[in-house]
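Structural characterization, general
Each chain, letter by letter, is given below.
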Amino acid sequence: MILQFIPDKFVSIGAFVGILFAFLATVIATDKLCNFLPKDAGRDFAHDGKKSAGKPRGAGIIFVLAFVAAALLFVPFTVENLIYLVLIVICMMTGFLDDASKSPWGEYKKGFLDLCVAALVAVTFLHFNSNVVELAMFDVTFTIHPVLFAVLTVILVWTSVNVTNCTDGVDGLSGTLTIISIMTIYLIDMMKNVAGEFSFMILLFAVCILGYLWYNATPSRLMMGDAGSRAMGLFISIAILKTGSPFLFIPVALVMILDGGLGILKVSLIRFLKIRIMKNVRTPLHDHVRKVWDWSNTQTVFRFAIIQIILAVATLYAIR
């Protein structure tokens, strides 16, 4: 909002200040407020899950609110972006309340809340944007019926929120992968000349995650919890929708889709269809590579990140 009152020749300086503000606000607020966060009890089902016991949990509330503050101050105001910010806060708060709860919320409850948020994203996006979709890698553009577009958008948003959430299990993993994904989207915006207010929001969100990772690198001081991972997943889905090429979500976030998504698929097939797949594979995959392949936490983060960077480079080359 501040940028709207700055002369055009100083807008770049205002953006520079906004990025620094987002990072410093996250770092300082995290340092001062982390001890007020709920404490993690450790997870029996996760590899080395007990090592997280006692650490502050739910730090996503800090970096998400720092991002929202930076966006409100430094991004030109639009009703659409304001609605997205509200939905990101709602998604973050549902995660934080789960993080702070003595008894974890059920999967169905969280899934339903995610579905509601996804529906609101679909309605908002269709109101402010067209239902024309581009297959960027093939240079093909077509129009999808609004109802079908809304359904596909709900699926995209719900999937993004939940696979990102499932990827959060190794210090720095989901945050690092999210930064790679959204910065890939930012570069796509630049290449397609569709950069606007939301593209700058991508930069602000990325530096806020970096502010969180300042404390989350192995050995971590705190954890983002569902408050952070769900908000990140929602932001990724909105960012890819704004490119006009939503199918690019697959290569742009493929590592998270496989890491978190295979576990969701595996459990869903067992629960609803009594079908068992990947019997010798632990899910999420970050647990498999640490437990079965004996990767360290650092190796897991770096190797998963390297794979996603290679995918990002290949994607950017394919759509150039």
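Preceding this section is the structure that the text describes.
Residues numbered from 1 in each chain as written. Predicted model: local features only at pLDDT ≥ 70, side-chain atom pairs only at ≥ 80, totals over all residues. Heavy atoms only, no water.

With that settled, consider the overall build of the chain. Scanning the chain from N- to C-terminus turns up twelve helices and two strands. Helices (α) and strands (β) of the chain occur, in sequence order from the N terminus, as α-α-α-α-β-β-α-α-α-α-α-α-α-α. Radius of gyration (C-alpha) of the chain: 19 Å, near the 20 Å computed for a compact globule of 320 residues. Along the first, second and third principal axes, the C-alpha atoms of the chain reach 55 × 45 × 35 Å. Looking at the chain residue by residue over its 320 residues, the buried ones come to 51%. Taking as baseline every contact in the chain between residues at least 6 positions apart, the subset at least 24 positions apart corresponds to 74%. For the chain, the accessible area works out to roughly 15,000 Å², and carbon and sulfur atoms hold 70% of it. Distance between charge centroids for the chain: 7 Å, based on 25 positive and 20 negative side chains. (Helix = DSSP H or I, 4+ residues; strand = E, 2+ residues; numbered from the N terminus. Rg over C-alpha atoms; globule rule 2.2 N^0.38 Å. Buried < 20%, exposed > 50% of the residue type's maximum accessible area, 1.4 Å probe, protein only. Contact = heavy atoms within 4.5 Å. Areas by Shrake-Rupley, 256 points an atom, 1.4 Å probe, with all protein chains shown as cover. Lys, Arg positive; Asp, Glu negative; His and termini not counted. Charge placed at Lys NZ, Arg CZ, Asp CG, Glu CD.)

Along the chain, D259 turns up in helix α10 (residues 254-273). Despite its burial, D259 remains without a salt bridge, the nearest opposite charge being carried by R290 at 8.6 Å. A polar side-chain atom of D259 sits 2.8 Å from the main-chain amide nitrogen of L285. The contact partners of D259, leaving out residues within four places of it in the chain, are T167, L173, P284, L285, H286 and F304. (Salt bridge = Lys/Arg side-chain N within 4 Å of Asp/Glu carboxyl O. Polar contact = N/O pair within 3.5 Å; in protein donor to acceptor, adjacent residues only side chain to side chain.)

Where α10 bends most, at G261, the angle is about 35 degrees. Those residues of α10 that fall on the buried side of the exposure criterion are V255, M256, I257, D259, G260, G261, G263, K266 and L269. Directly after α10, the chain includes K274, whose backbone phi takes a positive value near 60 degrees. (Bend = angle between axes of the 7 residues up to and from the residue.)

For the bond running from T283 to P284, omega is -5 degrees, close enough to zero to count as cis. Unusually for a residue other than glycine, M278 sits at a positive phi of about 50 degrees. For M278, a relative accessible area of 24% puts it in the partly exposed group. Of note in the backbone geometry, D294 takes a positive phi value of approximately 65 degrees without being a glycine. With respect to the secondary-structure elements, D294 resides in the loop between α11 (285-291) and α12 (297-318).

Once that is clear, we can look at the pairing of strand β2 (residues 140-143). Strand direction decides the pairing type here: strand β1 (residues 132-135) and β2, joined by four bridges, are antiparallel. Considered in β2, the bridge of L135 is made with V140. Connecting β1 to the next strand, β2, in antiparallel fashion are four residues, including D139 with a positive phi near 55 degrees. (Pairing = 2+ DSSP bridges.)

Moving on to helix α8 (residues 225-242). The terminal C-alpha atoms of α8 lie 26 Å apart, and with 18 residues this matches the ideal 26 Å at 1.5 Å per residue to within 8%. Counting buried positions over the 18 residues of α8 gives 17, a clear majority of the element. (Expected span 1.5 Å × (residues − 1).)

A surface patch of nonpolar side chains, amounting to about 550 Å² of accessible area, comprises L72, F77, V79, L82, V86, I90 and F128. Secondary-structure assignment places F128 in helix α4 (residues 107-128). Residue F128 is classed as partly exposed on the basis of its relative accessible area, which comes to 35%. (Patch = residues over 30% accessible without salt bridge, like charges linked within 9 Å, V, L, I, M, F, W, Y side chains within 5 Å.)

What follows is about the packing of aromatic side chains. This structure, assessed with the given rule, holds twelve aromatic pairs. A ring pair is formed by F125 and F149, whose centres lie 5.8 Å apart and whose planes are at 10 degrees; its orientation type is stacked. Residue F125 is found in helix α4, and its partner F149 is found in helix α5 (residues 146-167); the two are separated by 24 residues along the sequence. For the pair F125 and F149, one class covers both residues: buried. Members of the aromatic cluster, each reached through a chain of ring pairs, are F63, F67, Y84, F198, F205, Y212 and F235. Here the basic side chain of R303 rests over the ring of W295, its NZ or CZ set 4.8 Å away from the ring centre. If you follow R320 out to its NZ or CZ, it ends over the ring of Y317, 3.9 Å from the centre. (Phe/Tyr/Trp six-rings, centres within 6.5 Å; stacked < 30°, edge-to-face > 60°. Lys NZ or Arg CZ within 6 Å of the ring centre and 35° of its normal.)

Here we take up the environment of A71. Its location among the elements puts A71 in helix α2 (residues 60-74). As a C-alpha pair, A71 and W295 span 224 residues in sequence and 38 Å in three-dimensional space.

It is the contact of α4 with α5, at a shortest axis distance of 8 Å, that shows an interaxial angle of 135 degrees. As the angle between them shows, α4 and α5 are arranged oblique. Between α4 and α5 lies a crossing of right-handed hand. On α5, the residues touching G111, D114, L115, A118, A119, V121, A122, F125 and L126 of α4 are P146, F149, A150, T153, V154, V157, W158, V161 and N162. Grouping the constituent residues of the contact of α4 with α5 by class yields 14 nonpolar, three polar and one charged. (Axes fitted to C-alpha atoms, helices over the stretch in contact; angles between N-to-C directions. Parallel < 35°, antiparallel > 145°, perpendicular 65-115°, else oblique. Left-handed = near helix turned anticlockwise from the far one by under 90°. Nonpolar A, V, L, I, M, F, W, Y, C, P; charged D, E, K, R; others polar.)

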